[in-house]
Amino acid sequence: MTPVQAAPDLRVNLGGIAMKNPVMVASGTFGYGPEYADLVDLNQLGAMVVKGIHLEPTRGNETPRTFETASGLLNAIGLPNPGFDGFVKTYMPFLRQYDVPVIVNIWGRTVDEYAEVARRFNDVDGVHGLEINVSCPNIKEGSALFGTDLDMFRRVVDAVRARTRLPVIPKLAPNVGDIRAFACAAEACGANAISLINSFPALAIDAETRRPELANVTGGLSGPAIKPIALKLVWEAARAVSIPVVGIGGIFNATDAIEFLIAGADAVAIGTANFTHPGTAMETVRGIAEYLDRHGLARVGDLVGTLAA
Amino acid sequence: MNRAETEAPPESPPLARRIVQEDGVVVEHENFQGDYRLLRLQAPAITPLVQPGQFLHLKAPHAAESLLRRPFSIYQAADGVVSILYKDIGRGTRAMTFLRPGETLNLLGPLGTGYPLEDRGTFPVLVAGGYGMAALYLLAKRHPNRGIAFFGGATPGDILCVPEFEALGWEVRVTTIDGGLGMQGKVTVAIDAWLAEIDETVRPEFYACGPNAMLKAVGDHALARDALAWLSMDRNMGCGVGACLTCVQKLHTEEGGWTWARVCREGPVFETRRILWDEEKAT
Ligand SMILES: Cc1cc2nc3c(=O)[nH]c(=O)nc-3n(C[C@H](O)[C@H](O)[C@H](O)COP(=O)(O)OP(=O)(O)OC[C@H]3O[C@@H](n4cnc5c(N)ncnc54)[C@H](O)[C@@H]3O)c2cc1C
Ligand SMILES: Cc1cc2nc3c(=O)[nH]c(=O)nc-3n(C[C@H](O)[C@H](O)[C@H](O)COP(=O)(O)O)c2cc1C
Ligand code: FES
């Protein structure tokens, strides 16, 4: 009798966050959950990262806020959000119904604001981790600096780390000279994991009107257009640190996700692809399991960082 | 005001609405009129859920570089088949022109909050430009009352579906900028003429879909007569389901300020009093 081969073990421990599989949804691309609840089974997600939360409600940018480019999407949404109180009251009861870790993406305009929003989440039941958005390219009042200035970056991660009991995941900006310096700084400041990349600063122009396509002029590029950039940065960062890495950038299917795992990511997050196909994350989970099976790998961790280079 | 005799009872507004993702199969795709094409899709899960003024968000095949779906108002929905009328204006709609019967394309729908169907004892006035004639067809069919429809366009080729609306029991008046069909000028010229004709006891209620300037003009007419105007707003979209915050429109709040609303979820239809037009000063 041949033994029945066990299904591959997809579980991942992301710096203290126990996930049933390595596939998350990226901040800002899945709302707060209810938007997609009709269409997909949220319980199949490895983790859910909600849209960036600030202390106070924020309106965000004027329109147009997004523009489609070749194999990409340019966005300058401007971080509209219901604020800490609004989020906790409106969305946490919904999110607590699911057996999926909730990671809250947080941002501030000053180091103190980051620290304060982090502190407030200590008392919120059902939040499993904080992702620090230091890399949003859209806010003029300083966030761009947090992501690209190493000293500012350290100050934010330190301040958040000092105020929260939750696992902390700084999300790195791609437009830096040496990504390893930021990855190592995050680790040194006590981050439990890192995620990368955020969207890449970019510009689209309407030649006829000679005007920018976005009201904010510049935006962040996402989608398949940035995938090779993201893979290279994940590969570099993952080799520089020993904390887990979440790979993000242009993942549209299981093969894309597997490439990130091979490059050294312990988990992945699906962003823009959610807009195209809401079930991308679930299909990616199935595709990874099938791949591990086909390659005779027992655990998803056996694939991580296996680039033959 | 005539009661519609032939139609099924109007459905209640989409309170407990549901969104479905479904592969639609092309059953018919042909030139409709002017620059517009008719695309009919077999979509048995979506069809019975459709309310007037809702839309489909579809992923055009043959456009690999184009990531986003495109929104289209639902023109007809019956017997498991939904249809849209669309115009080729860019890369997504260009790619759609190659669709052939038997092909599938992925649909999300029905999306958005459409037109109200309540009988308020008013006289329904439909106002359409561009694809607005398609967007208002289901309302014309399912509204408990019959009234008048105003269709405006640049040339006669822009005027769609007149016989279809007449067959449902609506009076249709047409305007074209070039004067090639109906009255010459903008649609408001015909509306003004009609408002001057009708007697004081007629209480109009407007339902409109078309270019922004037309919607604003309809809204202003409604305000001047203390009437309601339900306007379907057109905004570029990303996700179509409320997650990305691309499609937002400014609305007045009761406290005198303003807030964003998602055209794909709270809209596309808003009553004119709620809309904060771009040219108004937002504070
Ligand atoms: C709720 C809703 C219902 C709609 N219903 C219909 C319908 O029934 N029939 C129909 O033909 N169209 C309809 N549209 C418009 C349709 O979605 C656009 O024509 C389509 O998305 C254009 O895609 P594209 O790739 O061909 O053009 P793109 O390449 O994306 O754009 C080409 C040019 O058109 C502009 N553009 C793109 N989208 C729009 C838009 N929504 N409004 C104005 N300009 C735009 C772009 O800025 C660009 O300059 C609807 C839009 C909305 C929001
Ligand atoms: C519309 C939109 C909104 C986003 N909002 C946020 C946000 O609020 N916080 C954040 O950290 N990243 C945000 N992002 C970045 C994504 O989480 C992700 O890092 C990026 O899009 C790259 O992944 P992708 O190519 O799979 O989309 C947003 C991206 C998009 C497209
Ligand atoms: S299109 Fe994404 S919120 Fe409306």
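So, here is what we can say about the structure in this document. Bear in mind the structure is a predicted one, so any value in this text is a computation, not a measurement. (Residues numbered from 1 in each chain as written. Chains lettered and ligands numbered in written order. Predicted model: local features only at pLDDT ≥ 70, side-chain atom pairs only at ≥ 80, totals over all residues. Heavy atoms only, no water.)

### Details of the environment of P170 of chain A
Residue and element names in this part refer to chain A.
Consideration 1: Assignment of secondary structure puts P170 in strand β9 (residues 168-171).
Consideration 2: Between the C-alpha atom of P170 and that of D41, which follows or precedes it by 129 residues, the distance is 27 Å.
Consideration 3: For P170, the residues in contact, after removing those within four places along its chain, are I132, F153, V157, A186, A191, A193, I194 and S195. (Helix = DSSP H or I, 4+ residues; strand = E, 2+ residues; numbered from the N terminus. Contact = heavy atoms within 4.5 Å.)

### Some points on the site of ligand 2
Residue and element names in this part refer to chain A.
Consideration 1: S27, K171, G223, G250 and T272 are the nearest of the 23 residues found near ligand 2.
Consideration 2: Contact distances for ligand 2 include 3.0 Å between an oxygen atom and a side-chain N or O atom of K51.
Consideration 3: Note that an oxygen atom of ligand 2 is positioned 3.3 Å from one of the backbone N or O atoms of G52.
Consideration 4: Against a free-state accessible area of 620 Å², the protein chains account for coverage of 98% of ligand 2.
Consideration 5: Residues that form the shell around ligand 2 fall into these classes: 7 nonpolar, 14 polar and 2 charged. (Near = heavy atom within 4 Å. Polar contact = N/O pair within 3.5 Å; in protein donor to acceptor, adjacent residues only side chain to side chain. Areas by Shrake-Rupley, 256 points an atom, 1.4 Å probe, with all protein chains shown as cover. Nonpolar A, V, L, I, M, F, W, Y, C, P; charged D, E, K, R; others polar.)

### Here's the deal with the pattern of salt bridges
Oppositely charged side chains are able to pair whenever their charged atoms sit close together.
Consideration 1: By the definition in use, this model includes 22 salt bridges over all chains.
Consideration 2: Among the ionic pairs, E35 of chain A bridges to R262 of chain B, the shortest N-O distance being 4.0 Å. Pair noted here: E35 of chain A is in helix α1 (residues 34-37) and R262 of chain B is in strand β15 (residues 258-262), and the two residues belong to different chains. Of the two residues examined, E35 of chain A and R262 of chain B, each falls in the buried class.
Consideration 3: One salt bridge in this structure joins E68 of chain A and R70 of chain B, with 2.9 Å as the shortest N-O distance. Here R70 of chain B lies in strand β4 (residues 70-73) and E68 of chain A lies in strand β5 (residues 66-69), a pairing that spans two chains. R70 of chain B shares its class with E68 of chain A; the two are buried. (Salt bridge = Lys/Arg side-chain N within 4 Å of Asp/Glu carboxyl O. Buried < 20%, exposed > 50% of the residue type's maximum accessible area, 1.4 Å probe, protein only.)

### Quick look at the sheet that holds strand β2 (residues 36-42) of chain B
Residues and elements named next belong to chain B.
Consideration 1: Pairing within the open sheet is antiparallel, and its 7 strands lie in the order β4-β3-β7-β1-β2-β6-β5. The two strands at the open ends of the sheet, each matched to only one other strand, are β4 and β5 (76-78). Neighbouring strand axes in the sheet, compared pairwise and without regard to direction, differ in orientation by 35° on average.
Consideration 2: As paired strands, strand β1 (residues 20-33) and strand β7 (residues 104-111) are joined by 6 bridges and run antiparallel to one another. (Pairing = 2+ DSSP bridges. Axes fitted to C-alpha atoms, helices over the stretch in contact; angles between N-to-C directions.)

### Thoughts on the packing of aromatic side chains
Consideration 1: Per the stated rule, a full pass over the model turns up 18 aromatic pairs over all chains.
Consideration 2: Between Y114 of chain A and F146 of chain A, the aromatic rings sit 5.1 Å apart at their centres with planes inclined by 85°, giving edge-to-face as the arrangement. Taken together, the residues Y114 of chain A in helix α4 (residues 111-120) and F146 of chain A in helix α5 (residues 143-148) connect sequence positions 32 residues apart. Judged on exposure class, the residue Y114 of chain A and its partner F146 of chain A are both buried.
Consideration 3: The structure contains a cluster of three or more aromatic residues connected by ring pairs, namely Y32, F84, F87, Y91 and F121 of chain A.
Consideration 4: Its guanidinium or amino end placed over the ring of W258 of chain B, R59 of chain A lies 3.7 Å from that ring's centre, counting from NZ or CZ.
Consideration 5: The positively charged end of R65 of chain A is found above the aromatic ring belonging to W260 of chain B, 4.8 Å away from the centroid. (Phe/Tyr/Trp six-rings, centres within 6.5 Å; stacked < 30°, edge-to-face > 60°. Lys NZ or Arg CZ within 6 Å of the ring centre and 35° of its normal.)

### Regarding the sheet that holds β5 of chain A
For sheets, the rule is that strands pair by backbone hydrogen bonds, running either parallel or antiparallel.
Residues and elements named next belong to chain A.
Consideration 1: Taking strand neighbours across the sheet as the criterion, the 4 strands line up as β5-β6-β14-β11 in an open arrangement whose pairing is antiparallel. Edge strands, defined here as strands with exactly one partner in the open sheet, are β5 and β11 (200-203). Taken over all neighbouring pairs, the strand axes of this sheet differ in orientation by 35° on average, direction set aside.
Consideration 2: In this sheet, strand β14 (residues 218-222) lies alongside strand β6 (residues 72-75) in antiparallel orientation, the contact comprising 3 bridges. Across the sheet, residue L74 finds its bridge partner in β14, namely L221.

### Points about the packing of helix α7 (residues 179-188) of chain A against helix α8 (residues 227-240) of chain A
Residues and elements named next belong to chain A.
Consideration 1: The interhelical angle for the contact between α7 and α8, taken along N-to-C directions, is 40°, at an axis separation of 9 Å. Taken together, α7 and α8 sit at an angle that is classed as oblique. When the axes of α7 and α8 are compared, the crossing they make is right-handed. Residue-level inspection shows I179, R180, A183, C184 and E187 of α7 in contact with α8, the latter providing L233, E236, A237 and A240. (Parallel < 35°, antiparallel > 145°, perpendicular 65-115°, else oblique. Left-handed = near helix turned anticlockwise from the far one by under 90°.)

### As for the site of ligand 1
Residue and element names in this part refer to chain B.
Consideration 1: Around ligand 1, 18 residues are found, and the nearest of them are R70, P71, G92, T93 and D234.
Consideration 2: Between ligand 1 and P71 there is a distance of 2.6 Å, counted from an oxygen atom to a backbone nitrogen or oxygen.
Consideration 3: R91 is positioned such that a nitrogen or oxygen atom in its backbone is 3.3 Å from an oxygen atom of ligand 1.
Consideration 4: Its free accessible area being 880 Å², ligand 1 has 74% of it covered by the protein chains.
Consideration 5: Elements represented by at least two residues in the shell around ligand 1 include exactly β4, β6 (81-87) and α1 (91-96).
Consideration 6: Tallying contributions element by element places β4 first for the shell around ligand 1, with 4 residues.
Consideration 7: Considered class by class, the residues forming the shell around ligand 1 number 8 nonpolar, 5 polar and 5 charged.
Consideration 8: There are two domains that each give the shell around ligand 1 at least three residues, and those are domain 1 (3-14 + 114-274) and domain 2 (20-111). (Domains from an automatic or database assignment.)

### Quick notes on the environment of E62 of chain A
Consideration 1: Here E62 of chain A shows up in the loop between β4 (47-53) and β5.
Consideration 2: For E62 of chain A and I77 of chain A, which are 15 residues apart along the polypeptide, the C-alpha to C-alpha distance reads 8.1 Å.
Consideration 3: In contact with E62 of chain A, not counting residues within four places along its chain, are A215 of chain A together with K250 and W260 of chain B.
Consideration 4: In this structure the side chain of E62 of chain A is engaged in a polar contact, spanning 2.8 Å, whose partner is the side chain of K250 of chain B.

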